[in-house]
Amino acid sequence: MLYDTTFISKEFRSVYTQQGFSRNRQFSMGIFLGLLTFAVYFSLQTLKESVINDVAPYLLLPSYFSTLYIYLLVSLVFNIVLFIVNYEYMTLIEVMQNRWYALVQLGYSPAKLIGGKIVARILAQAGIYTVGYIATIFLSSFLKFPLVLDYIGTMYIMGLVDIVLLAVVSLAVSLFLKDVFNARYVVGMLALGIIGFKLLTRYFTILTDRTLMNNLENFFDITQTVYMFVAAGIIAGSIAVCLARGTRLAKVYNPPLLKTLPTLTNKPEGTVVLGSPSDGRKRSRILEAQATPVQRKKPWNLAAIITSVLVIASITGMLLLNIVVLAFGYASPEKETSIYGIIPYVFQSYTMEPEIMYNDVAFFRKVDAQAELKVGDVLLFKDAAGGVNVGSLIEFVTDDVTGKQTGALKTDITNYMDERYKGMAEQTVNRDQVYGVHVDNNRWFGAVILFANTILGRLVLLLIPTFLIFFYEPIVDFFRSITKEKD
Amino acid sequence: MKHRKPGGYSEPSPATYIVQASGLTSREVYQYADGRQESVLRGVYLEIRRGECWGVIGNEAFELELLTQIIGNVRPYGSGRCVLVERGMMRKKRRILPHVFYISGGDTVPGNLNTLEYLMYVTAHFDTPGCERQVAILEMLLQTELYHLTLVPIKYLSAAEKAVVCLLAAGLSRALLVIFSVPELSFDPKLSKGIRHIANRIAGRGGALLIASRDCDMAQTACDHAAFLINGKLTQRGTMDELLTYLDRRAYILENETPEALAGALGRVRPDWILRVFEREVHVYSQNTEKVAETEMLDALLAAGQTVDALQTSKRTLKNAYREVLAGHAL
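Quick notes on the rules
Residues numbered from 1 in each chain as written. Chains lettered and ligands numbered in written order. Predicted model: local features only at pLDDT ≥ 70, side-chain atom pairs only at ≥ 80, totals over all residues. Heavy atoms only, no water. Helix = DSSP H or I, 4+ residues; strand = E, 2+ residues; numbered from the N terminus. Buried < 20%, exposed > 50% of the residue type's maximum accessible area, 1.4 Å probe, protein only. Lys, Arg positive; Asp, Glu negative; His and termini not counted. Charge placed at Lys NZ, Arg CZ, Asp CG, Glu CD. Rg over C-alpha atoms; globule rule 2.2 N^0.38 Å. Contact = heavy atoms within 4.5 Å. Buried area = accessible area lost by both parts, 1.4 Å probe. Salt bridge = Lys/Arg side-chain N within 4 Å of Asp/Glu carboxyl O. Polar contact = N/O pair within 3.5 Å; in protein donor to acceptor, adjacent residues only side chain to side chain. Axes fitted to C-alpha atoms, helices over the stretch in contact; angles between N-to-C directions. Parallel < 35°, antiparallel > 145°, perpendicular 65-115°, else oblique. Left-handed = near helix turned anticlockwise from the far one by under 90°. Nonpolar A, V, L, I, M, F, W, Y, C, P; charged D, E, K, R; others polar. Pairing = 2+ DSSP bridges. pLDDT = per-residue confidence, 0-100. Expected span 1.5 Å × (residues − 1). Phe/Tyr/Trp six-rings, centres within 6.5 Å; stacked < 30°, edge-to-face > 60°. Lys NZ or Arg CZ within 6 Å of the ring centre and 35° of its normal. Core = buried A, V, L, I, M, F, W, Y, C linked by side-chain atoms within 4.5 Å.

Asks: A description of the overall build of chain B should follow, citing residues and the corresponding values.
Replies: Across its full length, chain B carries 10 helices and 15 strands. In terms of overall dimensions, chain B has C-alpha extents of about 75 × 50 × 35 Å along its principal axes. Evaluated residue by residue, chain B yields a buried proportion of 56% over its 331 residues. Side chains of chain B carry 39 positive and 37 negative charges; the gap between the two charge centres is 10 Å.

Next comes the structure, spelled out in structure tokens:
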């Protein structure tokens, strides 16, 4: 077997030791992203009658638009994770680590190496992205959605711009950050910055509009968004920085960044080495080594701490959510759950809209027969048959003769599907039948409960904490190891 | 293998001296607890000629690193003179010079290639066709007895093995001075032998290898010249044979239940010998470079009326020589 590995082919290989395996892995990653997109799409479909439909209806449409939009998000998140995990192979940090030293010594041109790295990185990421995009379209075709080629092309280009932007910015930034540990977090922050910038430039206004997405020119209309021009500028600037700084750095031997100072083994206690700064300033000296043994660093680092906190928070959050879901499931008209005098209900009715929307979690304050009520209060009460009802208090019933309140209350629903039936749900209930007054409701919590009650939700919320509990140590170790600097 | 000319590399140099360092003093200083300051490297003299392989042994990794970084143009120096390949030192520090290949540890090799592939990869710009190049590299791996590394992905190699892979790449270059700065690593005999072969290869094309290490065994195997860097000064430099002959005078190691009594009795018989006791052992040193003959040793034992559990002839080693030098410096 002839090893004719070129720089570009090595770059395409990423972290893997075999070219073929790497190619297959990249292809399968694309397919995986397509499948993941579909899983997310179907999960979101279970939340159709929730706040999600009001906030982001474009995620729930029976259309290629929704699946592809979700794919763009999934692909962006995937690329961010990939850059963070494989930072050392995917960025130009290897120039700072002198990994190109032998190459430059043996005749490689630094400028060509930098150019090759940029091209390989963009092509490799774009390849995975394209495979995933095609897989998403292919899977969507089984749902018999109408095929609209106009926005399919536009969306592909917009997703590709994200990938290219993330790649070149990460490459450029890696030339300024020697500390791999911090650099990984910077990549994550950069990605957040890109998303924030999109929000600022009203990029999502176009991206979420099917009609506007039919025409790519809308993205280049400066009156609608400046994102594309700024993104093009950032891409061009990042490439220029990579070429200029990267070439300069590749021509020198870069001193290694040490997490701890070297220890002098044969010098008396208290001895230090003072070095001259590289800029030749004579007055200030920098500490380069010391005799006093450095206290053994705790095996914890920031990455491990953050990961631990996230893992523990995820486990706790998911378990709490499971408990809440179980409590809600346990609640019945006869035996409702009350937490500190507050009764929560997943409100699966349109009758009290707009005050309480379908699938909202509504909170009722428990009240006794002496509690003061006022007209307009939304009441929780049991009717004569023992069924739980919710209605708005419209009137205190008075005795026709004496004019005094009888203690009975008139309630009605607020939302009639047909105006002709208005008043048909009006009920008169005794004061002692009322045991709750509506105090608040939460739409997002309702969506979460709704998701948690689906099969996928139950799986996710039960399996993930179980997985995290069992694999807590390997996960934390992994994040500790990828950010570990050589002393 | 035919090399394509790397940028800035001119015709092969006719220079005899690869390194000429005289009175080299570092800009870095030790500051002691009492506030006293002293240069880390002081008045270093070192001359390396073509075809030589030098091992600089020291007790302070920082000093060894610093010396190689100054010679390799990675750091500036305070005073003195350092000439590389009779060209004078570059003003711009850290700049990669075509005639100097600087290796510091093995972290600069990518983990996702195997050794053969890496060597093919770094030589991809040579004018030699791929097949021919691969055969040449394989032959080199066989000749250097490092064939066990050939197909192992680099990420699975030890730090010392990775450093040797870097050295193999340096062996393929045209750099006249290869600096192998590995004070934190120790090498097994197989790797040490491999380094020796690579050093021969570098010497064969007119270059020189400078190894900075604390591994005396490796240095003894790989180098033909050695020097000791002690307290910032380069002392006792010379060929390996000279150093071993003049510095390692331990002749025998005697083992006995009562080593003090044995040493006392022997000392009375042969007051011209130097005797040192280490746990159950008595080390016998001659005062001059002449080796103590075995019969002489046995006669002395007989005369002292002593028996020993074991008598071992001490081979001359760089480690012993270094210990002697350290003892001379009361370290």
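Asks: Give a description of the overall build of chain A that names residues and reports values.
Replies: Helix and strand counts for chain A come out as 17 helices and 9 strands. Its C-alpha atoms give chain A a radius of gyration of 31 Å, clearly above 23 Å, the size a compact globule of 487 residues would have. Seen through its C-alpha atoms, chain A measures out along the principal axes to roughly 105 × 65 × 45 Å. In chain A, once contacts between residues fewer than 6 apart in sequence are set aside, the share between residues at least 24 apart is 66%.

Asks: I'd love a proper account of the interface of chain A and chain B, names of residues and values included.
Replies: Interfaces are often sized by the amount of accessible area the parts lose when they come together. Facing 51 residues of chain A, the contacting portion of chain B comprises 54 residues. Three residues, A:Y3, A:L106 and A:Y253, lead the burial of chain A against chain B; their summed loss comes to 18% of the area buried on that side. When the shortest N-O distance is used, the salt bridge between B:R75 and A:E288 registers 2.8 Å. Our enumeration of links across chain A and chain B arrives at 21 residue pairs in polar contact (both at pLDDT 80 or more).

Asks: I'd like a description of the packing of helix α2 (residues 115-122) of chain B against helix α3 (residues 130-143) of chain B, backed by residues and values.
Replies: Residues and elements named next belong to chain B. Their axes nearest at 10 Å, the elements α2 and α3 cross at an angle of 130°. In terms of orientation, α2 and α3 fall into the oblique class. Considering only the axes of α2 and α3, their crossing is right-handed. Each of T115, L116, L119 and M120 in α2 lies in contact with α3, whose residues at this interface are G130, R133, Q134, I137, L138, M140 and L141. Broken down by class, the residue content of the contact of α2 with α3 amounts to 7 nonpolar, 3 polar and 1 charged.

Asks: Pulling in residues and values, what's your account of the sheet that holds strand β13 (residues 274-278) of chain B?
Replies: Residues and elements named next belong to chain B. Pairing is antiparallel across the open sheet formed by 4 strands, whose spatial order is β13-β14-β12-β15. Of all the strands in the sheet, the pair left with one neighbour each is β13 and β15 (310-313). Taking the axes of each pair of neighbouring strands and ignoring which way they run, one obtains an average angle of 20° across the sheet. In this sheet, strand β14 (residues 281-285) lies alongside strand β12 (residues 250-255) in antiparallel orientation, the contact comprising 5 bridges. Bridge pairing in β14 places E255 opposite E281. Most of the contacts of helix α9 (residues 294-304) go to β12, to which it runs at about 40°, and overall it touches β12, β14 and β15.

Asks: Residue-level account of unusual backbone geometry, with values.
Replies: With an omega of 5°, the peptide bond between A:E353 and A:P354 qualifies as cis. You can see A:P354 is positioned in the loop between β3 (342-347) and β4 (360-366). Non-glycine residue B:N73 carries a positive phi angle of around 65°. Of note in this structure, B:E279 is not a glycine but carries a positive phi near 50°.

Asks: Can you break down the side chain of A:N218 residue by residue, with the values?
Replies: Residue and element names in this part refer to chain A. Here N218 is to be found in the loop between α12 (210-213) and α13 (227-250). Within the local environment of N218, its side chain forms a polar contact with the backbone oxygen of L212, the two atoms lying 2.6 Å apart. Not counting chain neighbours up to four residues away, the residues in contact with N218 comprise I206, L212, Q224 and T225.

Asks: Just give me the short version of the sheet that holds strand β2 (residues 286-290) of chain A, but keep the residues and values in it.
Replies: Here we have 4 strands laid out as an open sheet, ordered β2(A)-β1(A)-β2(B)-β3(B), and antiparallel in their pairing. Every other strand in the sheet has two partners, leaving β2 of chain A together with β3 (37-39) of chain B as the edge strands with one partner each. When the angles between neighbouring strand axes are averaged without regard to direction, this sheet yields 35°. Summarising the sheet, strand β1 (residues 272-275) of chain A and β2(A) pair through 4 bridges and their orientation is antiparallel. Along β2(A), the bridge assignment pairs A:V272 with A:Q290.

Asks: For the confidence of the model for chain B, give the residues involved together with the corresponding values.
Replies: Residues and elements named next belong to chain B. Summing up the model confidence of chain B, the mean pLDDT is 87 and the portion of residues at 70 or higher is 94%. Summarising per-element confidence for chain B, the mean pLDDT is lowest in α9 (82) and highest in strand β9 (residues 208-213) (96). On the interface metric, ipTM, the complex scores 0.85, and its pTM is 0.78.

Asks: Help me get a handle on the confidence of the model for chain A, residues and values and all.
Replies: Across chain A, the average pLDDT comes to 84, with 92% of residues at 70 or higher. The least confident element of chain A is helix α17 (residues 472-482) of chain A, whose mean pLDDT is 71; the most confident is α13(A), at 94.

Asks: Which residues make up the pattern of salt bridges, and what are the values?
Replies: Inspection of the entire model under this criterion finds 26 salt bridges over all chains. For B:E117, the salt bridge is made with A:R13, and the minimal N-O distance between the two is 2.4 Å. Here the residue B:E117 occupies a position in helix α2, and A:R13 occupies one in helix α1 (residues 7-13), the pair thus bridging two chains. Note on accessibility: B:E117 and A:R13 belong to one class, buried. In this structure, a network of salt bridges that share partners links the residues A:K10, A:E11, A:E94, A:K117 and A:R121.

Asks: An account of helix α5 (residues 189-204) of chain B is needed here, citing residue identities and associated values.
Replies: Residues and elements named next belong to chain B. Under the 1.5 Å per step criterion, the end-to-end length of α5 is 22 Å for 16 residues, consistent within 8% with the ideal 22 Å. Turning to α5, its buried residues are L191, S192, G194, I195, R196, I198, A199 and I202. Contacts made by the buried residues of α5 are with β5 (53-58), α4 (159-172), β8 (177-181), β9 and α6 (216-222). Two residues or fewer past α5, G206 is found with a positive phi of approximately 90°.

Asks: Tell me what's going on with helix α2 (residues 19-45) of chain A, and back it up with residues and numbers.
Replies: Residues and elements named next belong to chain A. Across its 27 residues, α2 extends 39 Å between first and last C-alpha, which sits within 8% of the 39 Å expected from 1.5 Å per residue. For α2, the full list of buried residues reads S22, Q26, M29, G30, L33, G34, T37, F38, Y41, S43 and L44. Turning to α2, the residues buried within the fold contact α1, α4 (64-85), α8 (110-141), α15 (443-452) and α16 (455-470).

Asks: Mind laying out the environment of A:S174, listing which residues take part and the relevant values?
Replies: Residue and element names in this part refer to chain A. Relative to the helices and strands, S174 resides in helix α9 (residues 149-174). The exposure class assigned to S174 is buried, which follows from its relative accessible area of 0%. Along the chain, S174 and I93 lie 81 residues apart, while their C-alpha atoms are 5.4 Å from each other.

Asks: Would you mind going over the packing of aromatic side chains in detail, with residue names and values included?
Replies: Applying the stated rule across the entire model yields 29 aromatic pairs over all chains. For the pair A:Y58 and A:Y69, a centre-to-centre distance of 4.9 Å together with 65° between the ring planes defines the contact as edge-to-face. On the criterion of sequence distance, the pair formed by A:Y58 in the loop between α3 (51-55) and α4 and A:Y69 in helix α4 is long-range, its members being 11 residues apart. The exposure class assigned to A:Y69 is buried, which follows from its relative accessible area of 4%. Ring pairs connect the aromatic residues A:F38, A:Y41, A:F42, A:Y64 and A:F145, which therefore count as one cluster. The aromatic ring of B:Y30 is capped on one face by A:K267, whose charged end is 4.3 Å from the ring centroid. When the ring centre of B:Y285 is taken as reference, the NZ or CZ atom of B:R276 above it lies at 4.6 Å.

Asks: Now, about the nonpolar core: what can you tell me, with residues and values included?
Replies: Judged by nonpolar contacts, the single largest core of 184 residues is most densely connected at B:I71, B:Y118, B:F180, B:F187, B:I195, B:L209 and B:I211. When residues of this core are assigned to their parent elements, the largest contribution, 14 residues, is made by α9(A). Apart from the residues lying within four places of it in its own chain, the contact partners of B:F187 are B:A160, B:V164, B:F180, B:V182, B:S192, B:I195, B:D215 and B:M218.

Asks: Give a description of the environment of B:V292 that names residues and reports values.
Replies: Residues and elements named next belong to chain B. Within the secondary structure, V292 is located in the loop between β14 and α9. Sequence-wise, V292 and T313 are 21 residues apart; in three dimensions their C-alpha atoms are separated by 9.8 Å. Residues in contact with V292, not counting those within four places in the same chain, are A251, Y252, W273, S286 and M297.

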